[in-house]
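Coordinate analysis (summary)
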Amino acid sequence: MAPRLIITGSTGYIGARLAAMARERGFEVVELGRRSGAKWRIGDEPAASDLEGAVGIVHLAHSWATEPQAAEEDNINISGTVRLAEAAKAAGVPRFVFSSSTSSRREALNVYGRTKFRIEQHLAASPAAPTVRVARIGLVYGGPRTAMYGLMAKLAALSPLLPMIGLSREVQPIHLDEVAEGLLALATEANQPPQTFVLAQEKPISFAAWLRMLRRSQGKGNLHFIPIPLAAALFACHMTKLVPLIPTVDPERVLGLAGAAPMESGESLRLLKLNLADPMTALAGEFSQTGKDQSRSEAQALLRYLGIAPTEMQLQRLCEGLRREGLSPLGLSTTVIRHPRLLAFFEPPASRTQHRLARALYLADLASEPERHAGPKAGFFGAGLIIAGDVLLFPLRALLAGTYR
């Protein structure tokens, strides 16, 4: 029988990856919370039958539906977490892993950090303490562009000039897979002591360096900053909710950054046998993979705009040609890149867009006949359709050839 692992918050950024990794390792994963029809939500009394037989619980769920002033006392996250840990101990679950944060401090500027600190204190004083392991997690990156990682990636790529606070503040990134690996070890390995672990890079880097790293990984140029005071940043956060087409920034995240402070993680990583990857290398690999998909999608759209059903060889040639000329994918939706005039709007100067089209047209005309029609040989009717299509599209292609060459 597969060992049972219980995960709360399994649909979140970290939880989804942890659940997938646990299943790949042969665990039976029981997901509590969030899903529609879920029989448990944070604050509820869990049923003993849901907990019995598990080798461990990883508690990632966090309710944001609380007022800021509730961080100190009447916060459902505090009472709900303690209740879950004590119920797990009563049901015989040997390990309870609480997902905390490196912003967890009594004097943290944000509600999230103060709440996490209060939960840690209550867990240490509860009867469940001998089974509790606390994981303070650093700045998580990698995987799907969601949560704080997705927001930072968008901001870094948005403009070469960015207003920002806390540029000298130090952060400790850690990849999503490494976080999942560490949490899984805490929940399943019997030799890990009940203490606080820090999952984060040992050597902190400045927040400014981190944002520049994110921008370079996306094939963008230099990033410059306009330092702004905290009050102005909080005002700007409220304005992002009113202005369309820009990322919305939660003031809680800004306050978390303003109060960030590095923590020692070397001993935790040694105990968990985690060798963290260099963030720049990991990011370069992830964005490069995504860039290939985007290049292919954009090349396909350009060729189709010219009336060409692209073959695999034509796509490869166009992607390689644009890459050699330093024209990285724009990362826009297929709907936008189907219309080069919109593409030009997003890619000033517009001459680059003209060049993309000219290059696509040149390579399409250069292609040999087998390359243009690499699929199965068409019959008489199919050949007639191809000839008719070529005749109908000839004026458009001639016009584009004169315009963009």
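Look a little higher up for the structure.
Right, let's walk through the structure included here. A quick note: this is a predicted structure, and the numbers were derived from the prediction, not measured. (Residues numbered from 1 in each chain as written. Predicted model: local features only at pLDDT ≥ 70, side-chain atom pairs only at ≥ 80, totals over all residues. Heavy atoms only, no water.)

Attention shifts here to the overall build of the protein. Broken down by element type, the protein carries 17 helices and 12 strands. Put simply, 77% of the contacts in the protein that link residues at least 6 apart link residues at least 24 apart. Element-wise, carbon and sulfur atoms account for 58% of the exposed surface of the protein, whose accessible area totals about 20400 Å². (Helix = DSSP H or I, 4+ residues; strand = E, 2+ residues; numbered from the N terminus. Contact = heavy atoms within 4.5 Å. Areas by Shrake-Rupley, 256 points an atom, 1.4 Å probe, with all protein chains shown as cover.)

This part is about the packing of helix H5 (residues 147-158) against helix H7 (residues 207-217). Closest axis-to-axis distance for the H5/H7 pair is 8 Å, and the angle between their directions is 75°. Judged on the interaxial angle alone, H7 and H5 are roughly perpendicular. Judged by residue contacts, Tyr149, Met152, Ala153, Ala156, Ala157 and Leu158 of H5 engage Phe207, Trp210, Leu211, Leu214 and Arg215 from H7. Counted by class, the contact of H5 with H7 contains 10 nonpolar, no polar and one charged residues. (Axes fitted to C-alpha atoms, helices over the stretch in contact; angles between N-to-C directions. Parallel < 35°, antiparallel > 145°, perpendicular 65-115°, else oblique. Nonpolar A, V, L, I, M, F, W, Y, C, P; charged D, E, K, R; others polar.)

Our focus in this paragraph is unusual backbone geometry. The backbone of Ala147 shows a phi angle near 55°, a positive value even though the residue is not glycine. Within the secondary structure layout, Ala147 lies in helix H5. Take Ala147: its relative accessible area is 40%, and that puts it in the partly exposed class. Phi is positive for Lys273, close to 55°, though the residue is something other than glycine. (Buried < 20%, exposed > 50% of the residue type's maximum accessible area, 1.4 Å probe, protein only.)

Residues Ile14, Ile137, Leu183, Trp210, Leu211 and Leu214 are the most contacted members of the largest nonpolar core, which totals 61 residues. Among the elements that make up this core, the one with the highest residue count is helix H6 (residues 176-188) (eight residues). Those residues in contact with Leu214 that lie beyond four places of it in its chain are Tyr149, Met152, Ala153, Ala156, Leu283 and Phe287. Ranked by size, the runner-up nonpolar core spans 23 residues in total, among them Ala54, Ala91, Ala128 and Val134. (Core = buried A, V, L, I, M, F, W, Y, C linked by side-chain atoms within 4.5 Å.)

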